[in-house]
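Single-letter residue listing:
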Amino acid sequence: MERLLKGTTAYKILTGDRQAGRLSHAYMLDFPDRKNMNAALKIFALGFFGAEDGGSLYNRIVSGSYPDCKFYPKDGEKLTADAIGELLEDSVMRPVEGSKKLFVIVGFENASQLLQNKLLKTLEEPCEGIHFLLGAATLAPVLDTVKSRVKTLTIPPFTDKEVFDALERVRSDDLNSAAAESAGGILGAAQNMVEGGWFEEVSSAAKELCATVRVGDIGVAAAKYGDTNYKTEILTEMQRLYFSALKEGGKLADVLQPAALVFALEELNGAFADLKFNANFQGLLYDFLLKVAKENSKWQRLLR
C-alpha cells in the first residue's frame, strides 16, 4: 500500500507543498478504499510532516503518540458531535512540539451535515499552525461549502497490475490474479477477496443484487441475502460492479441506464452509512434496490 500511495499524484502534490513551504490549511483525500483509508491517511500524515523515512517522528505518528498529529474518530468509534467538539477545542491551541499541528478525520463521508457545518469556520480560518487532513471514500455526501475550503487530493482506482503486484508483495496466492481483475482498482476489495476466502459467495451475491431491477423480484433478493455475514463486503462489491459498468459497459450496463448507475453509486453512500448504525440489512437492500429500479424505469421511459 505504501509503495502504491507514494507513487500517486496526490501524494506528490502534498509532499511538494511541504517542500515548497506552502502547505494548505486543509486537504481532502478522495480515496475510494474504505479498508485502507486509515492506513492511507497515516502515510499522507507522514508526508505532511516529512517523516516518511522512519525515525522517532515516524514511529510516534504511526503509533498515535505524537501530540501534534491527532486522528478522529478513535479506532472502532463513530464520528460524533462530542469528538468534533473536542477537535475544535484543541484546534485553538498552538502546536505542542513543532510549528504545525495536523487533525486527521477518517471516513469524512459519514459525517452528518450538522457535523460538517460545525467545522466550516475552522476549516476556512484555522489558527496559525493548524491544519486538517480529511479522508473520504466518496465526495458525494460532502457539502459543497466544505469542498470549497479544502484542497482535494484525488487517488483514482489503481490498475489491475498495480493491485496484483501489491497483493503479491504481501503473499503469493492463486486468487491474487482473479481478485485484482475483479476489484475495480480498489486494493482493499482485492485484499478482502483473498483474505476472507469468500470471494465466490460475495461476488455471486453482488452480481445477483445489482441485476435485480424488476420490482417484483426485489423482495426475494433482499430476503435471500438479508442474513449474510458479509454485509459490507457485498455492498463494496456492488459498488465496484456499478462503477465498472458505468466505465466499461458489459451485461449490467445493458440492464441499467447510465444515469441509474450513477444514482446507484450515490445511494450506496447512504447504504454504507446506514449499515454503520446497525440498520436491518434485508430492509436496507430492499429500499436501495427499489430506489435504483424506480430510477432506472424513469430513465427508460424518458429515453424511449
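Residues numbered from 1 in each chain as written. Predicted model: local features only at pLDDT ≥ 70, side-chain atom pairs only at ≥ 80, totals over all residues. Heavy atoms only, no water.

1. Describing the overall build of the protein chain
Part 1: When you go through the protein chain residue by residue, the secondary structure sums to 16 helices and five strands.
Part 2: Computed over the C-alpha atoms, the radius of gyration of the protein chain is 20 Å, within 12% of the 19 Å expected from 2.2 N^0.38 for a compact globule of 304 residues.
Part 3: Across the 304 residues of the protein chain, 48% fall into the buried class.
Part 4: For the protein chain, the accessible area works out to roughly 14,800 Å², and carbon and sulfur atoms hold 49% of it.
Part 5: Measuring between centres, the 36 positive side-chain charges of the protein chain sit 3 Å from its 41 negative side-chain charges. (Helix = DSSP H or I, 4+ residues; strand = E, 2+ residues; numbered from the N terminus. Rg over C-alpha atoms; globule rule 2.2 N^0.38 Å. Buried < 20%, exposed > 50% of the residue type's maximum accessible area, 1.4 Å probe, protein only. Areas by Shrake-Rupley, 256 points an atom, 1.4 Å probe, with all protein chains shown as cover. Lys, Arg positive; Asp, Glu negative; His and termini not counted. Charge placed at Lys NZ, Arg CZ, Asp CG, Glu CD.)

2. So, the pattern of salt bridges
Part 1: Here the structure, examined in full by the defined rule, presents 19 salt bridges.
Part 2: Where Lys-6 meets Glu-2, a salt bridge forms, and the shortest distance between an N and an O atom there is 2.9 Å. With Lys-6 and Glu-2 both in helix H1 (residues 2-6), this residue pair falls four residues apart, about one helical turn.
Part 3: Note on Glu-2: relative accessible area 32%, which makes it partly exposed.
Part 4: Between Arg-240 and Glu-237 there is a salt bridge; the shortest N-O distance is 2.9 Å. (Salt bridge = Lys/Arg side-chain N within 4 Å of Asp/Glu carboxyl O.)

3. Describing the sheet that holds strand E2 (residues 69-72)
Across a sheet, paired strands are connected by hydrogen bonds in the backbone, their directions being either parallel or antiparallel.
Part 1: Spatially, five strands are ordered E2-E3-E4-E1-E5 in an open sheet, and the strand pairing comes out parallel. Bordering the open sheet on either side are E2 and strand E5 (151-154), each of which pairs with just one other strand. On average, each strand axis in the sheet is inclined to that of its neighbour by 20 degrees, with strand direction left out of account.
Part 2: Taken together, the four bridges between E2 and strand E3 (residues 101-105) define a ladder with parallel strand orientation. Across the sheet, Phe-71 pairs through a bridge with Val-104, a residue of E3. (Pairing = 2+ DSSP bridges. Axes fitted to C-alpha atoms, helices over the stretch in contact; angles between N-to-C directions.)

4. Thoughts on the side chain of Thr-212
Part 1: By the element assignment, Thr-212 lies in the loop between helix H11 (199-210) and helix H12 (215-225).
Part 2: Under the relative-accessibility criterion, Thr-212 is labelled buried at 11%.
Part 3: Aside from chain neighbours lying at most four places away, what touches Thr-212 is Asp-217, Ile-218, Ala-221 and Leu-289. (Contact = heavy atoms within 4.5 Å.)

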